[in-house]
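Reading the structure
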Amino acid sequence: MSSYLFLQLPPLSFTETLEVNMRMNLSIHRTEQAPRPALVLIPLAFLIVGLTLAGAALGAGEAPLWGELKAGPHAVGFMTFEEYDYSRTFQPKRDYFGEIIPGEKARPIQACVWYPAVEDAGATPVLFSDYAFSPPEDHSFYQFLSAVQNREVAWLHRILMNNQTAVLEALGTDMNAARDAKPSDGAFPLLIYACDFDRGIGENAVLCEYLASHGYVVATTHALSAVSVRSQPSAAGLEAMVGDTEYLIGALHGRDLIEPGKLGVIGYAGGGLAALLLQMRNYSVDAVVALEAGYTEEPRAEMVMTNPYYDIGRMTAPLLSVYAEGAVREAGEGEAREAAAAATGEVFKYARRVMAGIPGARGFELTTYGLISPMVMPPVESEPPVEGEPPVEDEPPAGAGAYETMCGHAINFLDNYVKGSEEAGARLAGSDLTVIEAEERPPTQDEYLAIIQGGNIEMAIEIYEKFTAIDPDLVLFPEANMNFAGYGMLQRGRTAEAVSLFKMNAEAYPQSANCWDSLAEAYMASGDSEQALRCVEKVLETLPNDPNLTDDLRQALETNAERYKEELTGEVDGESEAEGEGSE
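Keep in mind the model is a prediction, meaning the values are calculated, not measured.

Before going further, it helps to spend a moment on the overall build of the protein chain. A tally of helices and strands in the protein chain yields 20 helices and 13 strands. Across the 584 residues that make up the protein chain, the buried fraction comes to 51%. Look at the contacts in the protein chain between residues 6 or more apart in sequence, and 79% of them connect residues 24 or more apart.

A contiguous patch of negative charge, built from Glu458, Glu462, Glu465 and Glu507, is present on the exposed surface. The dominant element in the negative patch, judged by the number of residues it contributes, is helix α14 (residues 457–470), at 3 residues. Mapped onto the elements, glutamate 458 comes out in helix α14. For glutamate 458, a relative accessible area of 69% translates into the label exposed.

For the rest of this paragraph, the subject is the pattern of salt bridges. According to the stated counting rule, one finds 20 salt bridges in the structure shown. In this structure, arginine 230 and aspartate 198 form a salt bridge, with 2.4 Å as the shortest nitrogen-oxygen distance. Taken together, the residues arginine 230 in the loop between β6 (217–220) and α6 (235–252) and aspartate 198 in the loop between β5 (188–194) and α5 (205–213) connect sequence positions 32 residues apart. A residue is classified by how much of its surface remains accessible, and arginine 230, at 29% relative accessible area, is partly exposed. A relative accessible area of 7% means that aspartate 198 is categorised as buried.

For the rest of this paragraph, the subject is the sheet that holds β5. If you walk across this open sheet you meet the 11 strands as β3-β4-β1-β2-β6-β5-β7-β8-β9-β10-β11, and the pairing is mixed. What marks the edges here is a single partner per strand, and that holds for β3 (125–127) and β11 (434–436). In this sheet, neighbouring strand axes are inclined to one another by 30° on average, regardless of whether the strands run parallel or antiparallel. Taken together, the 3 bridges between strand β10 (residues 353–358) and β11 define a ladder with antiparallel strand orientation. Across the sheet, residue valine 354 finds its bridge partner in β11, namely valine 435. Along the sheet face, helix α11 (residues 402–417) touches β5, β7 (258–268), β8 (287–291), β9 (319–324) and β10 and points at about 165° away from the line of β8.

Taken across its 7 residues, β5 has 7 buried, putting it largely inside the fold. For β5 and β7, the ladder comprises 6 bridges, and the chain directions are parallel. Directly across from tyrosine 193, in β7, lies its bridge partner isoleucine 266. In this structure, β5 lies alongside β6, joined through 3 bridges in parallel fashion. Bridge pairing links leucine 190 to valine 217 in β6. This β-α-β element, β5 to α5 to β6, shows right-handed connectivity.

In this section: unusual backbone geometry. Unlike most non-glycine residues, aspartate 180 shows phi in positive territory, near 55°. One non-glycine residue, glutamate 292, lies in the positive phi region at around 50°. Tracing the sequence through the fold places glutamate 292 in the loop between β8 and α8 (298–305).

Among the nonpolar cores identified, the biggest contains 66 residues, and Trp114, Tyr131, Leu207, Leu211, Ile266, Met406 and Leu414 are the most heavily contacted of them. Excluding residues that lie within four positions of it along the chain, leucine 207 makes contacts with Tyr193, Ile266, Leu291, Tyr403, Met406 and Cys407. Membership of the second largest hydrophobic core comes to 51 residues, among which are Ile192, Met241, Ile249 and Leu257.

On to the environment of aspartate 311, then. Locating aspartate 311 in the fold gives a position in the loop between α8 and β9. Residues aspartate 311 and threonine 444, 133 residues apart in the sequence, show an inter-C-alpha distance of 9.6 Å. A polar contact of 2.8 Å, which involves the side chain of aspartate 311, links it to the backbone nitrogen of glycine 313.

This paragraph deals with the environment of isoleucine 249. Residue placement: isoleucine 249 occurs in helix α6. Assessed through its relative accessible area of 17%, isoleucine 249 is described here as buried. Taking the C-alpha atoms as reference points, isoleucine 249 and alanine 219, separated by 30 residues in sequence, lie 8.6 Å from one another. Non-local contacts of isoleucine 249, meaning those with residues more than four positions away in its chain, are made with Ile192, Leu263, Leu278 and Asn282.

About the cut-offs
Residues numbered from 1 in each chain as written. Predicted model: local features only at pLDDT ≥ 70, side-chain atom pairs only at ≥ 80, totals over all residues. Heavy atoms only, no water. Helix = DSSP H or I, 4+ residues; strand = E, 2+ residues; numbered from the N terminus. Buried < 20%, exposed > 50% of the residue type's maximum accessible area, 1.4 Å probe, protein only. Contact = heavy atoms within 4.5 Å. Patch = residues over 30% accessible without salt bridge, like charges linked within 9 Å, V, L, I, M, F, W, Y side chains within 5 Å. Areas by Shrake-Rupley, 256 points an atom, 1.4 Å probe, with all protein chains shown as cover. Salt bridge = Lys/Arg side-chain N within 4 Å of Asp/Glu carboxyl O. Lys, Arg positive; Asp, Glu negative; His and termini not counted. Charge placed at Lys NZ, Arg CZ, Asp CG, Glu CD. Pairing = 2+ DSSP bridges. Axes fitted to C-alpha atoms, helices over the stretch in contact; angles between N-to-C directions. Right-handed = clockwise from strand over helix to strand, strands pointing away. Core = buried A, V, L, I, M, F, W, Y, C linked by side-chain atoms within 4.5 Å. Polar contact = N/O pair within 3.5 Å; in protein donor to acceptor, adjacent residues only side chain to side chain.

Next comes the structure, spelled out in structure tokens:
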């Protein structure tokens, strides 16, 4: 029993079967591999694994899918490596009947990496089939990757309307990378690409190749759910995807090809959501590119906002949002872009946002699949011209050039914010994009406490007053941490500063009897009996309704309050000391 899902697709015709066999016999494998285990339950169409036809040598931007896209100064290499993430399981240990399931249980990760390579006139490019199935070094990955391959080919059948010939042509398309090519000298920034739910590494292979040609190392892996090859939109599936991107960062850390301290994240659709969450939990991310992320749609927005790591205060890296305007252009010229920009306002208000709407395009056209379909599918015949009327000139389809436009925006944005290129920043500023500057951000709780611990109390007070005036509900610090910091000042004899910290704590948590108790103690230490007495009254007022107190702590605070009151007023149980002495 296995959690891997195998799909049965329409069988090939006899002619198509012969074609597959001929192409496999002509194939040249770029790397020597040990004999592979037999693949079971996989139709012959799926056995196009690692095909490399003896064809054109690798060139800069000459691959058919690249169209008018211009490559950068580097050739592109492509490599994979497999690792198991033993901190997470992917298959159960036992089946329903309690029998041990054979095989590895840990989560399988195939890292797929494009990188700047040395130009080699004799290198043979990979085919798109290499992205549908990248032969693993670890043979235990064959069953898993065969299931991924089934999923990819099923998707190709779907988008190509079950046209077997078109699917074969797509799988046999030359790409612009060479398997295991010699890397270029030097180190390059790392970009992590996150696929959409249920998609594989071919989803945006052209973009990944393009970025590698411009001097980036781009890494991705197949989108999986927590326990299955099939990955549907869900909070659990999104968290699994984020975990995989984190694993990639760790697996590539410290490699010679990677330039330390420069990291960007890219994601398409569901992968765009994963990219946003990754930035919120990783301080090292310099920039985020979200392609057709759909984070303004309620179901997907909820998946992000209910994640335990969701925090708009940590969404601070510059964001490029590229989206297709084809479906919403009826709103009027420019209105779609403005609506998209406004919709991101609250979530990303502390990040500089560059909004790149592409008129006339569909979201599908921002993927490599959108390039494949028009290349391999037969053109739709146009209607014959009406007799007596001039022929109608063919116009480019809506969204033509959308992919090149997206790549241009992405490279300018990443060069600016990841590589620090001022020239790229100028190109970005000169483009017709909507730019929304980040609002001034309040510090996180950790940042705020660091300011206090650094002894800059005046700055802390100024920040507190400034941002609570803007947002009265803002919580800059936990009650217990501020209380601890206040007593630290009190013990060092910095009474005035202790009063300021305890006062902020009481203002932030007015229903806390403990906060008022600490402030009363600080006022007493400073000699301000009037304010101390007022705080004692607040202790007694809040004690009955403070839900955070144990019975013992409630009793201790009440005892303290009565003792403070006696010291401040000389009264014992409502009587003055003089009255008590007279009664004796």
